[in-house]
Amino acid sequence: MTKSIWYILEYKYLKNFSTPEMRNKITFAYEFIGGVVASMMSVLGGLLLNVINIKNAFLIAGLTSLALMILILDYMRTRFGLKPEQYAKEDIEFVEEKKKTNE
């Protein structure tokens, strides 16, 4: 139940600040990258299980995921969840310009 709410909010945020033409590209890129990463993680998990037992593999996968999440969150700190007045003027002008050309 909580996952469905997350996916709805994520879907709406991905479409925010974009034109109809860009929405298809954004959705494709998001789904493509998600599929590739999920496939890579499955293969790496299988390879890891061939080398060590499941307890240690789970520990390694968990610690690696934690380290990656910390790095990603640190990188995204200044780029995600900005208030409208905090966005670069060029970003807002690009969206407004695209809206005018579509009208």
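Quick question: what am I supposed to make of the overall build of the protein here?
In terms of helices and strands, the protein carries four helices and zero strands. Its helices and strands in sequence order give the protein the pattern α-α-α-α, from N to C terminus. Within the protein, the proportion of its 103 residues that are buried is 6%. Accessible surface, the protein: about 9,300 Å² in total, of which carbon and sulfur atoms supply 69%.

Help me understand the confidence of the model for the protein in this model?
Low-confidence regions, as indicated by low pLDDT, have predicted coordinates that should not be scrutinised in detail. Looking at the protein as a whole, the pLDDT averages 81, with 85% of positions reaching at least 70. The weakest mean pLDDT in the protein belongs to helix H4 (residues 89-102) at 61; the strongest belongs to helix H3 (residues 54-76) at 92.

Where do I start with a nonpolar patch on the surface in this structure?
Together, Phe 28, Phe 32, Ile 33, Val 36, Val 37, Met 40, Met 41, Val 43, Leu 44 and Leu 47 make up a nonpolar patch on the protein surface, roughly 990 Å² of accessible area in all. Along the chain, the position of Val 36 falls in helix H2 (residues 20-51).

How should I be thinking about the packing of helix H1 (residues 2-15) against H2 in this particular structure?
Any two packed helices are characterised by the angle at which their axes cross and by the distance between the axes. Close contact between H1 and H2 brings their axes to 9 Å; oriented N to C, the two are set at 130°. On the basis of the axis angle, H1 is oblique to H2. In the packing of H1 onto H2, the handedness of the crossing is right-handed. Counting all contacts with H1, which are made through Glu 10, Leu 14 and Lys 15, the residues of H2 involved are Arg 23, Ile 26, Thr 27 and Tyr 30.

Cut-off values and rules
- Throughout, a residue's number is its position along its own chain's written sequence, starting from 1.
- Per-residue local features are limited, in this predicted model, to residues with pLDDT of at least 70; the limit for side-chain atom pairs, both in listing and counting, is 80 or more; totals at the level of whole chains, interfaces and linings are taken over all residues.
- Remark: hydrogens and water are excluded; side-chain values derive from all non-hydrogen atoms of the structure.
- A helix here means a DSSP run of H or I that spans at least four residues, while a strand means a run of E at least two residues long, and both kinds are numbered starting from the N terminus.
- Accessible area is worked out with a 1.4 Å probe on protein chains only. A residue is then buried under 20% of its type maximum, exposed over 50%, and partly exposed in between.
- The Shrake-Rupley method, run with a 1.4 Å probe sphere, supplies the accessible areas, and residue values consider only the shown protein chains as cover.
- A residue's pLDDT is simply how confident the predictor is in it, with values from 0 to 100.
- Here, patches come from residues exposed beyond 30% relative accessible area and free of salt bridges, joined within 9 Å for like charges and within 5 Å for nonpolar side chains (Val, Leu, Ile, Met, Phe, Trp, Tyr).
- Within this document, salt bridges are pairs made up of a side-chain nitrogen of Lys or Arg and a carboxyl oxygen of Asp or Glu, the two lying within 4 Å of each other.
- Axes here mean lines fitted to C-alpha atoms, for a helix over just the part in contact, with angles spanning 0 to 180 degrees between N-to-C directions.
- In this scheme, roughly parallel covers angles under 35 degrees and roughly antiparallel covers those over 145, while 65 to 115 is roughly perpendicular and the rest are oblique.
- With the far helix as reference, a near helix turned anticlockwise by less than a right angle produces a left-handed crossing, and one turned clockwise produces a right-handed crossing.
- Contacts are assigned to residue pairs that have any heavy atoms within 4.5 Å of one another.

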